[in-house]
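Spelled out, the chains give:
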Number of protein chains: 2
Amino acid sequence: MGNKKEQEFVKEITPMEEDFSQWYTDVILKTDMVDYAPVKGCMVIKPYGYGVWEGIQRVADKRFKETGHKNAYFPLLIPESFLKKEADHFEGFAPEVLWVTHGGNEELAEKLFIRPTSETIICTMYSKWVQSYRDLPVLINQWANVVRWEKTIRPFLRTAEFLWQEGHTVHATEEEAQEETLKMLEVYRQVAEDELAMPVILGQKSEKEKFAGANKTYTMEAMMHDGKALQAGTSHNLGQNFAKMFDIQFLDKDGVRKYAWSTSWGISTRLIGGIIMVHGDNRGLKMPPRVAPIQVVVLPIAFHKEGVLDKAMEIKNELAKNFRVELDDRDTYSSGWKFNYWEMKGVPLRLEIGPKDIELGQVTAVRRDTLEKFTLPMEGLTEKVGEILDDIHQTMFNTALKNREQKTYTTTDYEEIKKIMKENPGFVKTMWCGSRECEDKLKEETGATIRCMPFEQEHLGDTCPFCGKKAEHMIYIAKAY
Amino acid sequence: MGNKKEQEFVKEITPMEEDFSQWYTDVILKTDMVDYAPVKGCMVIKPYGYGVWEGIQRVADKRFKETGHKNAYFPLLIPESFLKKEADHFEGFAPEVLWVTHGGNEELAEKLFIRPTSETIICTMYSKWVQSYRDLPVLINQWANVVRWEKTIRPFLRTAEFLWQEGHTVHATEEEAQEETLKMLEVYRQVAEDELAMPVILGQKSEKEKFAGANKTYTMEAMMHDGKALQAGTSHNLGQNFAKMFDIQFLDKDGVRKYAWSTSWGISTRLIGGIIMVHGDNRGLKMPPRVAPIQVVVLPIAFHKEGVLDKAMEIKNELAKNFRVELDDRDTYSSGWKFNYWEMKGVPLRLEIGPKDIELGQVTAVRRDTLEKFTLPMEGLTEKVGEILDDIHQTMFNTALKNREQKTYTTTDYEEIKKIMKENPGFVKTMWCGSRECEDKLKEETGATIRCMPFEQEHLGDTCPFCGKKAEHMIYIAKAY
Ligand SMILES: [Zn+2]
Ligand SMILES: [Zn+2]
């Protein structure tokens, strides 16, 4: 392989500094993560992209079950009348739902909408299932597809149909519902930080930004390479709003019938977009090892030489007992082409095995995160690979945290906020009086929104930079996906 | 617990000899497998039912991956024009698809239908992805929800929306496509027999019964307690039909552009209905251990006595390392009530721990399949439980096979076939000339259909029992779900 060929191959991806949006599109298409579907607003998740979703499902589902939740499945289609029961919820979702009007050639008696989220159908069932305090808490999660009609599309980030999980719980008291809401946000933080190596800011959404029908919405927010924020997961305390509208009542220990308290929480295929934009570079993807569809790729070098392919296969089979491993034994591509290919795919660790390696009882290893090249003894390889993957996870997390810190500014000067959002966007930590007017003004004049009132409040000043009145909250603002 | 209470509890389920259909409904509702949804034709799969589906997904997905398949995800909604491309397919599915006509308040430019199966959208993508022989084979599977408009409902067996997997593969040659079609039927057989303990007959569907758009459909058929057959999984050789209609062409090694060959195959939540009707009895469910949501339930007896609850918890935690275990420490129910409850739920193995058991260093075990009661030493319990669960699997399979054999008749006398179907339905092994006329006549006069032409052909006679002409195939006929 000539150096020329390598450059040509890498050049297929537009540098992110040049055009971040084109970089994203190049990366997702060229790595076979996704394809555009011939249906407006829809995407096809190809095996390599879906493999990441399977990884996210695996690490999230495990934690949902450890915290006492069980999975169930509710209908895709919901009668029109259900949507109208909760007024805020209706207002929030009616403009973007898809309507089913006919079955075969027959017009339906009542129109059905495709779930954009499932509170209405799930609360209807809960109202039947919950009768006594003995039936509480209800701790149920659903893995499902939902549809919110969108005309523009950014794969993983904004599509009409997407995959997600939605937890829906019911509790006897306000305190328990609040505890659940925060517990699941913490589970999401663990998924993001401990599995996807994606640092997040935790906090509460403003009234304007909260979920349609919730009392309080909590969020985790991540910082992308282009300085825009991504809402990576949300957890809602729904108070008694849905319980009252859908009549979820229970006979309490004291013999009194009471309305229950409910929560809902969700993460989606959006997280895959986050992984790409938090970790990727101009060579392509960088997969966080714990959800990477392929953690280790084994490349036989000069594999027409006797014994090379056998040894590569042996190592692959040994590692496959503990890791997701692929052997690339295609003879239609050069080694150099393969190096670039697997780097672009973002496989965390590449192991090369050639005649010299076999002679020395070693493999040559290359880390995707640092591109560092080194040798490893074949003996004890499994243990060593495990350690390296852990280290790659930690290094990727640290790098992402450093990137976020470099893109986080602290100021209470509105002119400076405007300048930052225009020239060099990122998170701005600042103060806020709490008014909707200031929130709207910020959006209109800078394009940025309040991402959250973080749990870790700091006192940065006494006045709101937008109106000069008394500041009530420290906030993170940013442009967002 | 009095014996009276036990009987009352058990009496909640209608005996299957009295009314099989009511027995089924009682079992699925009282064991919290499922609930009816307030949407015509739809069901809610409750956690205990969904747990079985998770089990089926686990054992099937593992085999799909071992045979080289990867998962992906394609859109739920498909433009109207796609359905019209394959004429047989259109004719088969158009009457039962649901139509989406509006997004928000806006009428859509082209109507969309909700996938009843995904050949049309998946083949459209494949036509783009497949260009060269190097791109073949394509081995993709999708876990998804599909909708076929039904007005009547039998949970798990016939519902408008159901969950399934659909494999869609593309191959360079007819031979490879045929090999894949049969390989996946064999995978399904393994899932049914080796995991669900459900014996199946393998064979080919008649022209009338094959999938709309297929060249050949293969099936696995199981026998239910009421003598009706269940089509438990199908695998289709689609020939070049879809490749031609959706233009899936590739440049072959010889430099010639050729149409590809494709297959599709699916199993669904129907299998859960099969598990219920193959294994259940008048006490309720009998869960096959390998997909049971709960494999072992641990019951502390007299657990106000010191040490009992601690010991039960200890055993539960120890077993939980290898099995799906639940500890029932509810103090609001008697032990007798719990025995019946967990028998009804069909948990394969119940372990009771009381003061006497602790004293003797043992647990008391009860098998759901045989209701046999015996003691096990606490030492080496994990290994022993594993052996018992394997034995329960085997015993359940043998029992189901015996039931099937008892309900399988062999005759070439049409009058006898009529009598069997009327009085004591089951499988009838007989001969067939191959004509559609005889197939229609059979259906009309007996309500039975040709389930398949089994791979294991036997020569039972020279003439077709329905018309007297030359017999071409040995067939299994039955009434079916
Ligand atoms: Zn203000
Ligand atoms: Zn005939």
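Keep in mind that this is a model prediction, so the values were computed, not measured. (Residues numbered from 1 in each chain as written. Chains lettered and ligands numbered in written order. Predicted model: local features only at pLDDT ≥ 70, side-chain atom pairs only at ≥ 80, totals over all residues. Heavy atoms only, no water.)

**Student:** Is there a simple way to think about the domain arrangement of chain A in this case?
**Tutor:** Bring the parts together and some accessible area is lost; that lost area is often taken as the interface size. Considered domain by domain, chain A is made up of domain 1 (11–279), domain 2 (296–388) and domain 3 (408–478). Spacing between the C-alpha centres of domain 2 of chain A and domain 3 of chain A amounts to 49 Å. (Domains from an automatic or database assignment.)

**Student:** Explain unusual backbone geometry to me, please; I cannot follow it from the model alone.
**Tutor:** Note: most residues except glycine have negative phi, and most peptide bonds are trans. Residues and elements named next belong to chain A. That bond from Leu136 to Pro137 is cis: its omega, -5°, falls within 30 degrees of zero. Mapped onto the fold, Pro137 is located in the loop between α6 (119–129) and β7 (138–147). With phi around 50°, Ala302 is a residue other than glycine that occupies positive phi space. The residue Ala302 is located in the loop between β15 (296–300) and α10 (308–319) in this model. (Helix = DSSP H or I, 4+ residues; strand = E, 2+ residues; numbered from the N terminus.)

**Student:** Can you walk me through the coordination of the zinc ion (ligand 2) in this structure?
**Tutor:** All names here are of chain B. Distances from the zinc ion (ligand 2) to its protein donors, Cys433 (SG), Cys438 (SG), Cys464 (SG) and Cys467 (SG), fall within 2.2 to 2.3 Å. Taken together, the 4 donor atoms coordinating the zinc ion (ligand 2) span angles of 104 to 116° at the metal, a pattern that classifies the geometry as tetrahedral. In the primary sequence, the donor residues of the zinc ion (ligand 2) line up as C-x4-C-x25-C-x2-C. Linking Cys438 in helix α15 (residues 436–446) with Cys467 in the loop between β22 (449–454) and β23 (473–478), this pair joins segments that are 29 residues apart in sequence. (Donors = N, O, S within 2.8 Å, 3.2 Å for Na, K, Ca; no water. Tetrahedral: all angles 85-135°; square planar, octahedral: opposite > 155°, others 65-115°.)

**Student:** What is the right way to look at the packing of aromatic side chains in this model?
**Tutor:** Here the distance between the centres and the angle between the planes together describe a pair of aromatic rings. What the rule picks out here adds up to 38 aromatic pairs over all chains. A ring pair is formed by Tyr126(B) and Trp129(B), whose centres lie 5.9 Å apart and whose planes are at 45°; its orientation type is tilted. Note that Tyr126(B) and Trp129(B) are positioned in helix α6 (residues 119–129) at a spacing of 3 residues, about one turn of the helix. The exposure classification of Tyr126(B) matches that of Trp129(B), with both residues buried. Each member of the aromatic cluster is reached from another via a ring pair, and the members are Trp53(A), Phe64(A), Trp143(A), Tyr188(A) and Trp265(A). (Phe/Tyr/Trp six-rings, centres within 6.5 Å; stacked < 30°, edge-to-face > 60°. Buried < 20%, exposed > 50% of the residue type's maximum accessible area, 1.4 Å probe, protein only.)

**Student:** Just checking my understanding: could you explain the relation of the copies chain A and chain B for this structure?
**Tutor:** Look at the two chain copies: a rotation about an axis and a shift along it is all it takes to match them. Structural alignment of chain A on chain B gives an RMSD of 0.0 Å, achieved by rotating through 180° and translating 0.0 Å along the axis. What we have between these two chains is a two-fold relation. Ranked by how close their C-alpha atoms come to the rotation axis, the residues of chain A are headed by Val100(A), at 2.2 Å. Same-surface contact between copies: 100% of interface residues of chain A are shared with the interface of chain B. (Least-squares fit on C-alpha atoms with pLDDT ≥ 70 in both. Contact = heavy atoms within 4.5 Å.)

**Student:** Looking at this structure, how should I read the coordination of the zinc ion (ligand 1)?
**Tutor:** Angles at a metal have ideal values that depend on geometry: 109.5 degrees with four tetrahedral donors, 90 or 180 degrees with six octahedral donors. All names here are of chain A. The protein atoms that coordinate the zinc ion (ligand 1) are Cys433 (SG), Cys438 (SG), Cys464 (SG) and Cys467 (SG), at distances of 2.2 to 2.3 Å. Relative to the metal, the 4 donor atoms surrounding the zinc ion (ligand 1) lie at angles of 103 to 115°, and the coordination shape comes out tetrahedral. Written as a sequence motif, the donor arrangement for the zinc ion (ligand 1) is C-x4-C-x25-C-x2-C. In this pair, Cys438 is assigned in helix α15 (residues 436–446) and Cys464 in the loop between β22 (449–454) and β23 (473–478), connecting sequence segments 26 residues apart.

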